[in-house]
Amino acid sequence: MSSRIALVTGGIGGLGSAICRSLAQAGRKVVAADLAARSERIDAFRAEMDGLDVHFAPADVGSFEACGELLRSIEATQGPVDILVNAAGITRDATLRKMDPQQWSDVLRINLDGAFNLCRQLVEGMCERGFGRIVNISSVNGQTGQFGQTNYAAAKAGLHGFTMALARETARKGVTVNSVSPGYIDTPMTRAIREDVREGIVTSIPVGRMGHPHDIARTVAFLTADDAGYITGANIPVNGGLFISF
Ligand code: NAD
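This one's a predicted model, so the numbers in the text were calculated from it and none came from an experiment. (Residues numbered from 1 in each chain as written. Predicted model: local features only at pLDDT ≥ 70, side-chain atom pairs only at ≥ 80, totals over all residues. Heavy atoms only, no water.)

Student: It is not clear to me how the environment of Phe56 should be interpreted in this structure. Could you clarify?
Tutor: Considering the arrangement of structural elements, one finds Phe56 in strand β3 (residues 54-58). By relative accessible area, which is 15% here, Phe56 ends up buried. A sequence separation of 83 residues divides Phe56 from Ser139, and the C-alpha atoms of the two residues are 25 Å apart. With residues up to four places along the chain from it excluded, the contact list for Phe56 reads Ile12, Ala32, Asp34, Leu35, Ile42 and Arg46. (Helix = DSSP H or I, 4+ residues; strand = E, 2+ residues; numbered from the N terminus. Buried < 20%, exposed > 50% of the residue type's maximum accessible area, 1.4 Å probe, protein only. Contact = heavy atoms within 4.5 Å.)

This is the structure:
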């Protein structure tokens, strides 16, 4: 059987690149979709993925049209996408009293609409082919809320509502839909947090450290395995015990 094709958005980011590596190591043919970044960043990503079956494709997940073009071009050159990991995300933090409409809509457009834009154009084909794995990267802050993040918390909580509803729609067709909610993981996104705030966060994590991107990547590889077909509509927290619930 030819190897399955995985599309990872935010694919050259901190979590995205670890996810690309894990899926390629699991035998998947991987497309990393991300904004058309500076060529040095893409070259560094290619060097990091050296020897693995991982290709870069520029795309803005916030555009429905661009997502359609991306899917058509992958299908034409490699084949249809079997595994989708929605990991593209941004933060635009501000308390609600100071948040401007652009900060609100940018975060919703990329973190939440991005998942709609791809799933809407992919899920029918997955259902027809009788196989699909979709993983949405949510966040602990979508479960608990976070000061200064009404936009991000709304998008990430919304992403899990989306996951649960789509899981019901596709369950009989061999397509699973799950979310993963990372806690604080050491990536460029969290390195942007002020040093003293970061130190305070680490103190509050029961495991006593930030997570590694691989902690998330291995969870995604588990959920997207061919024999993971009985796990759907779930949210897997990977947060070092920061938020413990059932
Ligand atoms: P990151 O900033 O390293 O990576 C995010 C990637 O998304 C970047 O490569 C960026 O270029 C890309 N991106 C941004 N806008 C895009 C767009 N319009 N189209 C396509 N790509 C776009 O951050 P990360 O830590 O790797 O985060 C990955 C995901 O995990 C995000 O959804 C984030 O919200 C989520 N998350 C991260 C943490 C953490 O602690 N790092 C915690 C919880 C959730």
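Having seen the model, we can carry on.
Student: I tried to follow the layout of surface pockets on my own but got confused; where do I start?
Tutor: The rolling of a water-molecule-sized probe over the atoms marks out the regions of remaining empty space. Here the largest pocket is characterised by a volume of approximately 1,100 Å³. Sorting the residues of the lining of the largest pocket by element identifies α1 (14-25), β2 (29-34), α5 (140-144), α6 (150-170), α7 (188-191) and α8 (195-204) as the ones contributing at least two each. Among the residues forming the lining of the largest pocket, the class breakdown is 23 nonpolar, 14 polar and 6 charged. The calculated volume of the second largest pocket comes to roughly 150 Å³. (1 Å grid on protein atoms, 1.4 Å probe; cavity = no way out; pocket = protein on both sides within 12 Å on 5 of 7 lines; lining within 4 Å. Points joined across faces, edges and corners; volume = space filled by probe spheres on them. Nonpolar A, V, L, I, M, F, W, Y, C, P; charged D, E, K, R; others polar.)

Student: Would you take a moment to explain the site of the ligand for this structure?
Tutor: Around the ligand, a shell composed of 29 residues is seen, among which Leu15, Asp34, Tyr152, Ile185 and Thr187 lie nearest. Contact distances for the ligand include 2.9 Å between an oxygen atom and a side-chain N or O atom of Lys156. Bound to the protein, the ligand loses 93% of the 820 Å² it would expose on its own. With respect to the pocket detection grid, the ligand is positioned in the largest pocket. Elements represented by at least two residues in the shell around the ligand include exactly α1, α6 and α7. For the shell around the ligand, the element with the most residues is α7, which contributes 3 residues. Looking at the shell around the ligand residue by residue, the class counts come to 16 nonpolar, 9 polar and 4 charged. (Near = heavy atom within 4 Å. Polar contact = N/O pair within 3.5 Å; in protein donor to acceptor, adjacent residues only side chain to side chain. Areas by Shrake-Rupley, 256 points an atom, 1.4 Å probe, with all protein chains shown as cover. Sits in = over half its atoms within 2 Å of the grid points.)

Student: Is there a simple way to explain the pairing of β3 in this structure?
Tutor: A regular strand places its side chains on the two faces of the sheet in alternate fashion. The pairing of β2 with β3 spans 5 bridges and is parallel. Residue pairing for β3: Val30 is matched across the bridge by Val54. Handedness of the crossover is the feature at issue here: the chain leaves β2, passes through helix α2 (residues 39-48), returns alongside β3, and the resulting connection is right-handed. (Pairing = 2+ DSSP bridges. Right-handed = clockwise from strand over helix to strand, strands pointing away.)

Student: Sorry, what's going on with the pairing of strand β6 (residues 175-182) here?
Tutor: For β6, a buried count of 8 out of 8 residues is recorded, marking the element as mostly surrounded by other parts of the structure. Residues Val175, Val177, Ser179 and Ser181 of β6 are buried on one face, and the alternating residues Thr176, Asn178, Val180 and Pro182, pointing to the opposite face, are buried as well. Inspection of the sheet shows strand β5 (residues 132-137) paired to β6 by 6 bridges, in the parallel sense. Note on β6: the bridge partner recorded for Ile137 is Val180. Pairing analysis gives 4 bridges linking β6 to strand β7 (residues 235-238), with the strands arranged parallel. By the bridge assignment, Pro182 is partnered in β7 with Val238.

Student: Could you clarify how one ought to interpret helix α9 (residues 213-223) in this entry?
Tutor: Given 3.6 residues per turn, any residue in an α-helix points the same way as the ones three and four places further on. Buried residues of α9: Pro213, Ile216, Ala217, Thr219, Val220 and Leu223, and no others. Projection of α9 onto a plane perpendicular to its axis shows the buried side chains occupying an angular sector of 160°, all on one side. Looking at the packing, one finds that the buried side of α9 touches α1, β4 (83-86), β5, β6 and β7. (Arc of directions from axis to C-beta.)

Student: Mind showing me how you'd approach the sheet that holds β4 here?
Tutor: The strand order across the open sheet built from 7 strands is β3-β2-β1-β4-β5-β6-β7, with neighbouring strands paired in parallel fashion. Looking at strand neighbours, the two that pair on one side only are β3 and β7, the edges of this open sheet. Neighbouring strand axes in the sheet, compared pairwise and without regard to direction, differ in orientation by 20° on average. Strands β1 (5-9), β2, β3, β4, β5 and β6 of the sheet are contacted by α1, whose axis makes an angle of about 170° with β1. Along the sheet, α9 makes contact with β4, β5, β6 and β7, crossing β6 at roughly 165°. (Axes fitted to C-alpha atoms, helices over the stretch in contact; angles between N-to-C directions.)

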